[in-house]
Amino acid sequence: MKNIIQISEAEFEVMKIIWEKYPIGTNDIVNILVKSTEWTPKTIQTLISRLEKKKAINHEKNGRMFIYSPLIKKDDYINAETSSFLNKFYKGAANKLVLNFIKNDMLSKEEIRELKNFLDKI
């Protein structure tokens, strides 16, 4: 799997908004995140700037506004992060992750049934 941009948890919160709502302006991003976090507008603008420097997003200027779009696909990022997590903690073995969840009662009986049904189908 190709290398993916490393982004912080805070930057990921910004990315989620951009992935969901792009094209989206700075003010809209700020308004959404001010309501759901304790971040100031300046903090949010700094996170946007970091993401742009990392080439995770880009902007187009529309009058006096910047309109942002992602440069990386959400699925690509999540797949790369998942692979990295599996390699770091489970030597790439997804079955060990699932077994750990089951052993530690992290999956409900319904979730286990869903997983079993899915596995039976494939």
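Since the structure is predicted, the reported quantities are computational estimates derived from the model, not experimental observations.

### Observations regarding the nonpolar core
Here's step 1: Formed by 22 residues in total, the largest nonpolar core has its most connected members in Val-14, Met-15 and Ile-29.
Here's step 2: Secondary structure elements with two or more residues in this core: α1 (9–21), α2 (26–36), α3 (41–53) and α4 (74–90).
Here's step 3: Sequence-distant contacts of Val-14, that is, excluding residues within four places in its chain, are made with Ile-29, Leu-33, Trp-39, Leu-47, Ile-48 and Leu-51.

### Focus: unusual backbone geometry
Leaving glycine aside, a negative phi is the common case for residues, and trans is the common case for peptide bonds.
Here's step 1: The step from Tyr-22 to Pro-23 runs through a cis peptide bond, and the omega angle for that step is -5°.
Here's step 2: Residue position: Pro-23 is located in the loop between α1 and β1 (24–25).
Here's step 3: Notably, Lys-55 is not glycine yet its phi reads approximately 65°, a positive angle.
Here's step 4: Within the secondary structure, Lys-55 is located in the loop between α3 and β2 (57–62).
Here's step 5: Despite not being glycine, Asp-105 has its phi angle at roughly 50°, a positive value.
Here's step 6: Residue placement: Asp-105 occurs in the loop between α5 (94–103) and α6 (109–121).

Reading guide: rules and limits
Residues numbered from 1 in each chain as written. Predicted model: local features only at pLDDT ≥ 70, side-chain atom pairs only at ≥ 80, totals over all residues. Heavy atoms only, no water. Core = buried A, V, L, I, M, F, W, Y, C linked by side-chain atoms within 4.5 Å. Buried < 20%, exposed > 50% of the residue type's maximum accessible area, 1.4 Å probe, protein only. Helix = DSSP H or I, 4+ residues; strand = E, 2+ residues; numbered from the N terminus. Contact = heavy atoms within 4.5 Å.

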